[in-house]
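Here is how the chains run, residue by residue.
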Amino acid sequence: MKIYMETYGCQMNEYDSGMIRAMLESSGHTFVPRPEDADVVIVNTCSVRERAERRVLGRLRHLRGLLGRDAALGVVGCVAQRMGGLLMREVRGLGFVVGTDSYSVLPEAVERAGEGVATIETETRSDEIYDRRPAPSRAGLCEFVSVARGCDNFCSYCIVPHVRGRERSRPADAVVREVEALSRLGAREVTLLGQNVNSYADGETDFARLLERVSRVDAVSRVRFATSHPKDLTERLVDAVSRLPEVCEHVHLPVQSGSDRTLRAMNRGYTRRRYLELASLLRKRVPGVALTTDVIVGFPGETERDFEDTLSLLEEVRFDSAFMFRYSVREGTAAAALADDVPEPEKIQRLERVIETQKRITSELNERLVGEVLEVLLEGPSERNPEKLFGRTRTGKAVVAPAPRDLSGELVGVRITEASAWTLHGEVVEGAP
Ligand code: SAH
Ligand code: SF4
Ligand code: F3S
């Protein structure tokens, strides 16, 4: 059958969509680039915030209207896991609802949907690591590789542990085999994924050791990882980042709040002081390291003072960039029992204030790069300036530079000529270093 798939949410979902595609292709299906041409449309969904979920529901209804009677529409991912059969009531005529631990049933669910029989499969299987998945058959220049699934941290606001189940690590050998296969297919950069990669453990290998093994794979010139939880960031890991030349100098270390009171209520397991210590340890041991973060404003009970603690932490750490969110109540989480007492207009205002602060800091840090020559992996034509190439620095910053197409896929030196909060502009000064 012809399948079209759309993906929302985080890198985990991107990765899972690739795995689902490989599973379905190996059962004989083909993928098409437009929903109108498909027999089956699959939407991989995110439920991390209410807005993400509302957007998915709207999109599903829209797709249902767009598709002919014969085409089936199926939902996978975190909203499928969270809502299960209830989704059938929200969107009429769904062909299947398959949760995050049940992707092995997809080949069958797709067949049955084609015959007009619906499947609902949202059992939690906390040992599912998809170890019988097909080997990758294609690779881009930059690829994700999931090293662990699930999360045991239960930050009080977060739905992820509820929709992704308990944390489990894939065997290091399987991860390395997958990276080898991807590198043979052309990948030069891999990002190792887990909700909390620092607690990766397969019985013999910890995350620092896994980084070492992956770095040794031929033709992989860059290794990244996400996400690091501050409470589990070890010296061993910091040491691995500083020692291994392939591992990029970029750590995404979500802080969420700068107030100890709020951090405690969020069940984050560290204090502001501990976080600041980690940030300075990283800065000291990994010269030029980029630190990025996630911030939530308007968590239950967050006072103006708590919020100012977050602002001052941003000023103190000077992150290279940050994802910033308004708190959104997720049913079933511990924080849902607390009064969502920061008024919406106040949340919006706080969000504007953190964004403004961070944008200034990001611009200031980026402007300091003007004149420097940075290593950039050129990925291909820039979406906004198709006549130029787009790439990223080792620190993860987006760079746009005029360059001949055949440099696509190459590591080059780029002299930065202009910088804003979002993009660096530059010119290629040397070919592959
Ligand atoms: N495992 C990762 C990613 C979790 S989801 C981590 O621990 O960082 C990505 C981000 O979404 C979180 O870091 C948090 O900032 C935000 N987020 C999660 N739940 C949220 C909620 N209920 N409301 C607002 N933001 C939320
Ligand atoms: Fe959610 Fe916390 Fe787990 Fe991240 S570490 S996925 S924020 S529960
Ligand atoms: Fe969303 Fe699920 Fe990722 S809720 S953020 S897609 S783990």
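Residues numbered from 1 in each chain as written. Chains lettered and ligands numbered in written order. Predicted model: local features only at pLDDT ≥ 70, side-chain atom pairs only at ≥ 80, totals over all residues. Heavy atoms only, no water.

1. Concerning the environment of Ala339
Within the secondary structure, Ala339 is located in the loop between strand E14 (321–326) and helix H13 (344–367). The class of Ala339 is exposed, set by a relative accessible area of 52%. (Helix = DSSP H or I, 4+ residues; strand = E, 2+ residues; numbered from the N terminus. Buried < 20%, exposed > 50% of the residue type's maximum accessible area, 1.4 Å probe, protein only.)

2. Let's talk about the nonpolar core
Ranked by internal contacts, the top residues of the largest apolar core, which has 56 residues, are Leu192, Phe207, Leu211 and Phe225. Residues within four places of Phe225 in sequence aside, it is in contact with Thr191, Leu192, Val197, Phe207, Leu211, Leu237, Val241, Val247, His250 and Val251. (Core = buried A, V, L, I, M, F, W, Y, C linked by side-chain atoms within 4.5 Å. Contact = heavy atoms within 4.5 Å.)

3. Section: the site of ligand 3
All residues adjacent to ligand 3 are Gly9, Cys10, Asn13, Cys46, Ser47, Val48, Cys78, Arg164 and Gln195. The residue inventory of the shell around ligand 3, partitioned by class, reads four nonpolar, four polar and one charged. (Near = heavy atom within 4 Å. Nonpolar A, V, L, I, M, F, W, Y, C, P; charged D, E, K, R; others polar.)

4. Observations concerning the packing of aromatic side chains
As enumerated under the stated definition, the model contains seven aromatic pairs in all. Note on Tyr270 and Tyr275: the rings are 6.0 Å apart at their centroids and 40° apart in plane angle, and the pair reads as tilted. As far as burial versus exposure is concerned, Tyr270 and Tyr275 are alike and both buried. An aromatic cluster of at least three residues, connected via ring pairs, comprises Tyr157, Phe299 and Tyr327. Geometry around Phe325 places Arg49 over its ring, the cationic atom sitting 3.7 Å from the centre. (Phe/Tyr/Trp six-rings, centres within 6.5 Å; stacked < 30°, edge-to-face > 60°. Lys NZ or Arg CZ within 6 Å of the ring centre and 35° of its normal.)

5. Examining the domain arrangement of the chain
Per the domain assignment, the segments making up the chain are domain 1 (2–121), domain 2 (142–367) and domain 3 (373–429). At the boundary of domain 2 with domain 3, total buried surface from both sides reaches about 1,400 Å², with 49% on carbon and sulfur atoms. Of all residues in domain 2, Arg188, Arg222 and Asn366 bury the most surface against domain 3, accounting for 42% of the area lost on that side. On the surface where domain 2 and domain 3 come into contact, there are three salt bridges. Close ionic contact of Glu249 with Arg394 constitutes a salt bridge, the shortest N to O distance being 2.9 Å. For the pair domain 2 and domain 3, the interface holds 11 residue pairs in polar contact (both at pLDDT 80 or more). (Domains from an automatic or database assignment. Buried area = accessible area lost by both parts, 1.4 Å probe. Salt bridge = Lys/Arg side-chain N within 4 Å of Asp/Glu carboxyl O. Polar contact = N/O pair within 3.5 Å; in protein donor to acceptor, adjacent residues only side chain to side chain.)

6. Details of the site of ligand 1
Lining the immediate surroundings of ligand 1 are 14 residues, of which Arg49, Gln195, Gln256, Asp294 and Ser328 lie closest. A distance of 3.0 Å is found between an oxygen atom of ligand 1 and a side-chain nitrogen or oxygen belonging to Arg49. Within the side chain of Asp294, one N or O atom sits 2.6 Å away from an oxygen atom of ligand 1. Starting from 530 Å² of accessible surface for ligand 1 in isolation, the protein chains cover 89%. If you list the elements that add at least two residues to the shell around ligand 1, you get strand E13 (290–297) and E14. Residue classes in the shell around ligand 1 are distributed as six nonpolar, four polar and four charged. (Areas by Shrake-Rupley, 256 points an atom, 1.4 Å probe, with all protein chains shown as cover.)

7. Quick notes on the sheet that holds strand E17 (residues 398–401)
Taken together, the five strands give a closed barrel; going around it, the order is E15-E16-E17-E19-E18, and neighbouring strands pair in mixed fashion. Neighbouring strand axes in the sheet, compared pairwise and without regard to direction, differ in orientation by 50° on average. Here six bridges tie strand E18 (residues 411–419) to strand E19 (residues 424–430), and the two strands are oriented antiparallel to one another. When the bridges of E19 are listed, Gly413 appears paired with Glu430. (Pairing = 2+ DSSP bridges. Axes fitted to C-alpha atoms, helices over the stretch in contact; angles between N-to-C directions.)

8. As for helix H9 (residues 235–243)
Residues spaced three or four apart along an α-helix face the same direction, because each turn holds 3.6 residues. Regarding H9, the residues found buried are Leu237, Val238, Ala240 and Val241. Within H9, the buried residues cover an arc of 160° as seen down the axis, which keeps them to one side. Against the buried residues of H9 lie helix H8 (207–215), strand E11 (222–226) and helix H11 (272–285). (Arc of directions from axis to C-beta.)

9. Considerations on the pairing of strand E16 (residues 389–393)
Here five bridges tie strand E15 (residues 373–381) to E16, and the two strands are oriented antiparallel to one another. Its bridge partner lying in E16, Val376 is registered against Thr393. By the bridge criterion, four bridges tie E16 to E17 in an arrangement that is antiparallel. Residue pairing across strands places Leu389 opposite Ala401, the latter belonging to E17.

10. Some points on the layout of surface pockets
Counted as a void, the second largest pocket has a volume near 800 Å³. Around the second largest pocket, the lining comprises 33 residues; the ones closest to its centre are Tyr15, Gly18, Met19, Ala22 and Pro136. Looking at the lining of the second largest pocket, the elements with two or more residues in it are strand E1 (2–7), helix H1 (11–26), strand E7 (142–146) and helix H7 (172–184). For the lining of the second largest pocket, the leading source of residues is H1, giving eight residues. The residue inventory of the lining of the second largest pocket, partitioned by class, reads 17 nonpolar, five polar and 11 charged. Two domains each put at least three residues into the lining of the second largest pocket: domain 1 (2–121) and domain 2 (142–367). (1 Å grid on protein atoms, 1.4 Å probe; cavity = no way out; pocket = protein on both sides within 12 Å on 5 of 7 lines; lining within 4 Å. Points joined across faces, edges and corners; volume = space filled by probe spheres on them.)

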